[in-house]
Amino acid sequence: MLKAVNDELATEPQTGLSRSQKYAGWPRWWLIWIALSGLLVSGAVAFIFYQDRYGRMLEEGLRQGSFNDGASIFMDSEVLVVGARGSVAESAGHLRRAGYTESRENPVGWFEHRIDAVVIHPASAGKSTEIKFADDKIAQILTSPDNTELTQFQLEPQLLTSVTLRNRERRRLLKYCEIPQFLIDAVVSAEDKRFFSHGGYDLLRIVKSALVNLREGRPAEGASTITMQLVRSLWLAREKRWKRKEAQFFMALRLEQKLSKTEIFEYYANEVYLGERGTYAIHGFGEASRAYFDKPVGALTISEAAALAGVIQRPSYYNPIRFPQRVRERRDRVLHFMRLNGHITEQDYERATAEPLNLSPGAQESPEAPYYVDLIRAELKRHLAGVIPARTVYQVHSTLDPRLQIAAEEAVRNGMVNVDKLLPNSGTIDPYPQVALVALDPRTGAIKALVGGRDYNESQLNHALASRQPGSVFKPFVYAAALRTAEQQRVNTLTTATLLDDVPTTFWFREQSYAPSNYKQTFRGEISVREALSRSVNVATVQLAQRVGYRAVVALARSAGFSEDIQPTPAVALGAYESTPLEVAGAYTVFANQGLYVQPHMVSHVLGDGGVLMYGHEPMTQRALTPQVAYLIVNLLEDVLRSGTGAGVRARGFTAPAAGKTGTSRDGWFAGFTSDLVCVVWVGFDDHRDLKLEGAKSALPIWTEFMKQAVLILGAPKRFRQPPGIVSVEIDPLSGLLGTAQCPIVRSEVFIAGSQPVEFCNRHGEPIDKTRVTATLAAQE
């Protein structure tokens, strides 16, 4: 058969024509049509292939969610109480920060303010609440229409910020209905005027951009639509390559098919990058309106909306805080586009361009609490990772009190200015000393305010977590360990009236000597436990620790939350082992909370989609002291403020029932508390240089100013409650025995029942030491 085929081919006439000659008679248009058809088919196949490839990538991104690795952090709810401090302006400011506006269309709710009252209306039909004020206090709280009178009213918790756990980003998520129409018009006019009519790309803009770039000889104008910008920001790298442009184009087409225009714009409004604030990137108009204008997005003016829209083009170049003049020029250009596109009238344009920027780069009505936010991010990542599923949007309800946080930031800011002035060579100090303040509720451990440094933009090191020698603020734990002996029925019971020898002493421990000294080398001879703590006497304190046992001191400290690094040596009595301000604040809950240690925390509860409770904090507590020993320490520390090293607290006008202790190592400390608030302040250098300023002059003034404001905010604290099992007897402080008519001084002293002295003083048949009497009288004043 093969031979037959070959023979047939051999007999076929040979024309000797080439391929081109063979088809030379064909019409030219037919060849062109074949070529174009091939190109069209190839293009169609490629288009389908790439649309399917990148479309699947986009759908996977949508399925996983775009803002599913973030947390909206809320501050603690504020409770308005009749009789507490308050004003129309303060309440109106709080409501604005919580998302309320004066507009009835606001989805969160709205309010109206009068000369002496604020009326709060919920978004849904329900009771309105009227809060009346008089003499800078809340006079009355009424609900309408039934006119029910309330003693208190709980406001909605304020949103502190929204952050992502992967990156240092802040955003406040908005719904499309919450975005003012003029902000939408401003963005569309500035970035993509045919956004609501094109299908993901704007052909006219592409042609115009190409012509402009050819004329300029450089990439002077882009053609990315809002949809394309969103795709690039959410799912693509920012590198300028044709591969990325290819993906951006096809993913934008698919996004337009999957979502409506309002859904796309809502995504864009929450994702668009609008500069930096501190070390966080600002994403979305919700966060930008707070960062730059200190108001919710619903309260923006046309001028402010145009300014935000203008920042989109070049966020660093048009940074409102650093370059306000550039922003104003860009804003006016956006307003010009809005007028050309018919979104505003000529009158609106003239009024908006005449309006100043009204930026709010400094102190805000709402605290930013950046160090606190960092701690919450760390806690969420470290402790809650196993509790909260990955890629989940959730609400974190923190324990932060916005009023106390603002008071803390103000006290730190003003106090550090005074510290700088008091330092030797204050004009040449570089860097300046740092500061930390921690305030918490001793009953729950809830951290109500936290400042980790004097300027977060300059240093993100959270000094509330920095390990430093606590110095004398540790001494109360030495005295508590000693006073516990009265409950342990030891032979050598130590009480508040026990006498110690304050003389130069060398202590030996494991064949090593330790010779502490007192402040200014002052030694008082025989001295009581009360006076030793009140005057913060070093030698007497080490002697007391030696008598009770260094191990007993360390055991108590560890049960109060101090680090396991603390060791049983003579130096432990003087706070030589490092602790953090947060650790010290937690430890002091033992005294303010009747002997019960409560571990500090920042997160109250976490809610997931639909308000489902995903995590609820359970207090971690342990008994460190009995209520009786805790009360004795409180009583001694009250004396510190009355007549000891902390007397500056009273001299500065703080009169509420309180107790506390100064501390001076290389740094300055003050740790003090009322019955409802513990506050610890630390001041020192990052490089561990000697501050050369006692805690009474560096940390104490900051503590005092903060606590004065705290009392106005929270109300007057109650007096410390004396538990059962405490007795008071009249003693001679010079002998520690029961007082007699011959004693030059007799004072009331507190004891655990059964440990009080039973013998009368008999040492005053001899001439009285007038110098010692004078010193003791001074200590009691």
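Preceding this section is the structure that the text describes.
Because the structure is a prediction, the values reported are computed rather than measured.

(A) The sheet that holds strand 26 (residues 678-684), seen in detail. If you walk across this open sheet you meet the five strands as 15-14-26-25-24, and the pairing is antiparallel. The open sheet has two free edges, formed respectively by strand 15 (447-451) and strand 24 (659-664), since each of these has just one partner strand. Sheet twist, expressed as the mean angle between neighbouring strand axes with direction ignored, is 5 degrees. Where strand 25 (residues 668-673) meets strand 26, six bridges bridge the pair, whose relative direction is antiparallel. From the neighbouring strand, glycine 668 faces strand 26, where its bridge partner is valine 683. Lying over the sheet, helix 24 (residues 695-714) contacts strand 14 (434-440), strand 24, strand 25 and strand 26, oriented at roughly 35 degrees with respect to strand 25.

(B) Spotlight on helix 12 (residues 324-340). The end-to-end C-alpha distance of helix 12, which contains 17 residues, comes to 24 Å, matching closely the 24 Å that a straight helix rising 1.5 Å per residue would cover. For helix 12, every residue scored as buried is listed here: Val327, Arg330, Arg331, Val334, Leu335 and Met338. Down the axis of helix 12, the buried side of the element spans an arc of 150 degrees, and every buried residue falls inside it. Tucked inside the fold, the buried residues of helix 12 contact helix 5 (181-191), helix 11 (302-311) and helix 13 (346-354). Immediately beyond the C-terminal end of helix 12, within one or two residues, lies glycine 342, with a positive phi of roughly 80 degrees.

(C) Layout of the sheet that holds strand 29 (residues 747-752). A sheet is described by the order of its strands in space; here three strands give the open sequence 28-27-29, paired in antiparallel fashion. Each of the sheet's edge strands pairs with one partner strand only, and the pair in question is strand 28 (737-738) and strand 29. Against the sheet, helix 22 (residues 627-643) contacts strand 27 (726-732) and strand 29, and its axis sits at roughly 155 degrees relative to strand 29.

(D) Looking closely at the packing of aromatic side chains. Across all of its chains, the model carries 17 aromatic pairs by this definition. With a centroid separation of 5.0 Å and 85 degrees between ring planes, the pair formed by tyrosine 317 and tyrosine 318 is classed as edge-to-face. For tyrosine 317, a relative accessible area of 32% corresponds to the partly exposed category. For tyrosine 318, a relative accessible area of 13% gives the class buried.

(E) Seen up close, the side chain of serine 698. Mapped onto the secondary structure, serine 698 falls in helix 24. Within the local environment of serine 698, its side chain forms a polar contact with the backbone oxygen of glutamate 694, the two atoms lying 3.0 Å apart. In contact with serine 698, not counting residues within four places along its chain, are Val419, Gly668, Val683, Leu691 and Leu693.

(F) Looking closely at unusual backbone geometry. In the Ramachandran plot, aspartate 294 falls in the positive-phi region, its phi being about 55 degrees despite a non-glycine side chain. Inspection of the secondary structure assignment puts aspartate 294 in the loop between helix 10 (285-293) and helix 11. Since its relative accessible area comes to 15%, aspartate 294 is described here as buried. Even without being a glycine, serine 536 presents a positive backbone phi close to 55 degrees. Assignment of secondary structure puts serine 536 in the loop between helix 17 (529-534) and helix 18 (538-548).

(G) Seen up close, helix 16 (residues 475-483). Taken across its nine residues, helix 16 has nine buried, putting it largely inside the fold. Within helix 16, the full set of buried residues consists of Lys475, Pro476, Phe477, Val478, Tyr479, Ala480, Ala481, Ala482 and Leu483.

(H) Region of interest: the side chain of lysine 261. Tracing the backbone through its elements, the reader meets lysine 261 in helix 9 (residues 261-271). What makes lysine 261 buried here is its relative accessible area of 15%. In this structure the side chain of lysine 261 is engaged in a polar contact, spanning 2.9 Å, whose partner is the backbone oxygen of histidine 198. At 2.8 Å, the side chain of lysine 261 forms a polar contact with the side chain of glutamate 256. For lysine 261, the residues in contact, after removing those within four places along its chain, are Phe195, Phe196, His198, Thr227 and Glu256.

Each value, and the rule that gives it
Residues numbered from 1 in each chain as written. Predicted model: local features only at pLDDT ≥ 70, side-chain atom pairs only at ≥ 80, totals over all residues. Heavy atoms only, no water. Pairing = 2+ DSSP bridges. Helix = DSSP H or I, 4+ residues; strand = E, 2+ residues; numbered from the N terminus. Axes fitted to C-alpha atoms, helices over the stretch in contact; angles between N-to-C directions. Contact = heavy atoms within 4.5 Å. Expected span 1.5 Å × (residues − 1). Buried < 20%, exposed > 50% of the residue type's maximum accessible area, 1.4 Å probe, protein only. Arc of directions from axis to C-beta. Phe/Tyr/Trp six-rings, centres within 6.5 Å; stacked < 30°, edge-to-face > 60°. Polar contact = N/O pair within 3.5 Å; in protein donor to acceptor, adjacent residues only side chain to side chain.

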